[in-house]
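# Observations on the model geometry
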Amino acid sequence: MSGRPGIDVPDHRGRTGLDQAGRELRRNPDVVVRDVELTSSGWHVLRRTTLDHRRRDGTWRTLERETYDRGDGATILLHDDARSTVLLTRQFRYPAYVNDHPDGMLIETAAGLLDDDDPETAVRREVAEELGVTVGPVEHVFTAYMSPGSVTEKVHFYAAPYTPRDRTGAGGGVAAEGEDIEAVELPLGDALGMIRDGRIVDGKTIMLLQWWALRR
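Residues numbered from 1 in each chain as written. Predicted model: local features only at pLDDT ≥ 70, side-chain atom pairs only at ≥ 80, totals over all residues. Heavy atoms only, no water.

### What about the packing of aromatic side chains?
Heads up, the condition is: Two aromatic rings, drawn from Phe, Tyr or Trp (for Trp, its six-membered ring), form a pair once their centres lie within 6.5 Å of each other, and the interplanar angle then sorts them: stacked below 30 degrees, edge-to-face above 60, tilted otherwise. Labels follow the DSSP assignment, with helices taken as runs of H or I lasting at least four residues and strands as runs of E lasting at least two, numbered in each case from the N terminus. When accessible area is computed with a 1.4 Å probe and restricted to protein chains, residues below 20% of their type maximum are described as buried, those above 50% as exposed, and intermediate ones as partly exposed. Only Lys NZ and Arg CZ are tested; either one counts as a charge over a ring when it is within 6 Å of the ring centre and within 35 degrees of the ring normal.
Counted according to the given criterion, the structure contains three aromatic pairs. Both rings, one in Phe-142 and one in Phe-157, keep their centres 4.6 Å apart while their planes meet at 40 degrees; by these two values the pair is tilted. Highlighted residues: Phe-142 in strand 8 (residues 139–145) and Phe-157 in strand 9 (residues 154–161), separated in sequence by 15 residues. Judged by relative accessible area, which is 0%, Phe-157 ranks as buried. Between Trp-211 and Trp-212 the ring centres are 5.7 Å apart and the planes differ by 40 degrees, which places this aromatic pair in the tilted class. The lysine or arginine in question, Arg-13, covers the ring of Trp-43, its NZ or CZ lying 4.3 Å from the ring centre.

Have a look at this one:
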C-alpha cells in the first residue's frame, strides 16, 4: 500500500506529518482537539479539524473548522521623510481579481512569506527582490493575524526610511516564481487619498500607511 503524501510519506515539498499539526494543543482548557484531517497539501496546506469547545454557559459543542496554513509573513513600509513619499509595489493578485477587483492590480507594501528566515531577514529579502532597495535599520511596528477566521498566517509589520540612493537593484520580484512587480513611489498624502477613493484596498498597506500618518 502506497503512503499518503504529506502524512506518512513526503509530499512534493518534502513534508510529512501535516495531519498532526494542532493535535498537541493544550493551552486552552475550553478547547479539546479531537481529529485533524489533511484535505490538501499543494503549495500550502488545508486542514479540517474537529474540536470540542466549552461555551461560556458551560456546555460543550463539537465543531469543525478548516484552516489554511501558508506560513507566516512580513511586510515593510518604506518612507522618505524629507520628500514625504512612500515606496510601494503594484502587482496582479488573482484572488482579488476573481472577487470583484476591477483588474486585480493591487498597490501594496513589499511583503512575502518568511520561509525559513526570521521576520527581519525575510522582510529585507523581500524589499530587495521586489523594490531593489537595500534598507538600513528597520523598525518592527506590530504583528497581526490578518484573517483569523480561516487563515493561520500572522504578519510581522516593519517600517524603514529610504532615499533614492538606496535603490541599488532592479527589483521586480523573482521571475522564476511568476512575479512581475512594479515600484510605485507616491506622496504620502496621495497614498492616503487612494485609500479613501478605493485605489488602495490591500489591508496590510492600509494599516501601515495609516500608522505612518499618525506617527508623523
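### Considering the packing of helix 3 (residues 188–196) against helix 4 (residues 203–215)
Put simply, the rule is: Axes here refer to lines fitted to C-alpha atoms; in helices the fit is confined to the stretch in contact. Angles between the N-to-C directions go from 0 to 180 degrees. Here roughly perpendicular refers to angles of 65 to 115 degrees, roughly parallel to angles under 35, roughly antiparallel to angles over 145, and oblique to all remaining angles. Crossing handedness: left-handed means the near helix sits turned counterclockwise from the far one by under a right angle, and right-handed means the same turn made clockwise. Between two residues, a contact is recorded if the distance between any of their heavy atoms is within 4.5 Å. Gly is placed with the polar residues, together with every amino acid not listed as nonpolar (Ala, Val, Leu, Ile, Met, Phe, Trp, Tyr, Cys and Pro) or charged (Asp, Glu, Lys and Arg).
At a minimum axis distance of 10 Å, the contact between helix 3 and helix 4 shows a crossing angle of 130 degrees. Between helix 3 and helix 4, the interaxial angle falls into the category oblique. In the crossing of helix 3 with helix 4, the sense of the turn from one axis to the other is left-handed. Residue-level inspection shows Leu-188, Ala-191, Leu-192 and Ile-195 of helix 3 in contact with helix 4, the latter providing Ile-206, Leu-209, Gln-210, Trp-212 and Ala-213. Residue classes in the contact of helix 3 with helix 4 are distributed as eight nonpolar, one polar and no charged.

### Focus on the sheet that holds strand 3 (residues 60–69)
Threshold: Two strands are counted as paired when DSSP detects at least two bridges linking them.
The antiparallel open sheet is built from three strands, whose spatial order is 1-2-3. The open sheet is flanked by strand 1 (31–41) and strand 3, the only strands paired with a single partner. In this sheet, neighbouring strand axes are inclined to one another by 20 degrees on average, regardless of whether the strands run parallel or antiparallel. Alignment of strand 1 against strand 2 (residues 45–54), held across nine bridges, turns out to be antiparallel. Along strand 2, the bridge assignment pairs Val-32 with Asp-52.

### Quick notes on the side chain of His-101
Looking at the secondary structure, you find His-101 in the loop between helix 1 (94–98) and strand 6 (105–108). Apart from the residues lying within four places of it in its own chain, the contact partners of His-101 are Ala-96, Leu-106 and Val-201.

### As for helix 4
Selection rule: A helix is expected to reach a length of 1.5 Å times the quantity of its residues less one. The arc under discussion is defined with respect to the helix axis, by the directions toward the C-beta atoms.
Taking 1.5 Å of rise per residue, the 13 residues of helix 4 would be expected to cover 18 Å, and the 18 Å separating its terminal C-alpha atoms lies within 8% of that figure. For helix 4, every residue scored as buried is listed here: Lys-204, Thr-205, Leu-208, Leu-209, Trp-211 and Trp-212. Seen end-on, helix 4 carries its buried residues on one side only, within an arc spanning 160 degrees.

### Quick notes on helix 2 (residues 119–131)
Its 13 residues give helix 2 an end-to-end C-alpha distance of 18 Å, which sits within 8% of 18 Å, the value for a rise of 1.5 Å per residue. Looking at helix 2, one finds that the buried residues are Pro-119, Ala-122, Val-123, Glu-126, Val-127, Glu-130 and Leu-131. Along the long axis of helix 2, the arc covered by the buried residues comes to 130 degrees, so they all point the same way. On its buried side, helix 2 packs onto strand 4 (73–80), strand 5 (85–92), strand 7 (110–113), strand 9 and strand 10 (182–187). At the C-terminal side of helix 2, Gly-132 shows a positive phi close to 70 degrees.

### Description of a positive patch on the surface
Worth spelling out the cut-off: By definition, no residue in a patch forms a salt bridge, and every one has over 30% relative accessible area; like charges are joined within 9 Å, nonpolar side chains (Val, Leu, Ile, Met, Phe, Trp, Tyr) within 5 Å. The Shrake-Rupley method, run with a 1.4 Å probe sphere, supplies the accessible areas, and residue values consider only the shown protein chains as cover. When a carboxyl oxygen of Asp or Glu lies within 4 Å of a side-chain nitrogen of Lys or Arg, that pair is called a salt bridge. In this tally, Lys and Arg are treated as positive and Asp and Glu as negative; His is ignored, and so are the chain termini. For charged residues, the charge sits on one atom: NZ in Lys, CZ in Arg, CG in Asp, CD in Glu.
Together, Arg-55, Arg-56, Arg-61 and Arg-65 give the surface a local cluster of positive charge. Among the structural elements, Arg-61 can be located in strand 3.

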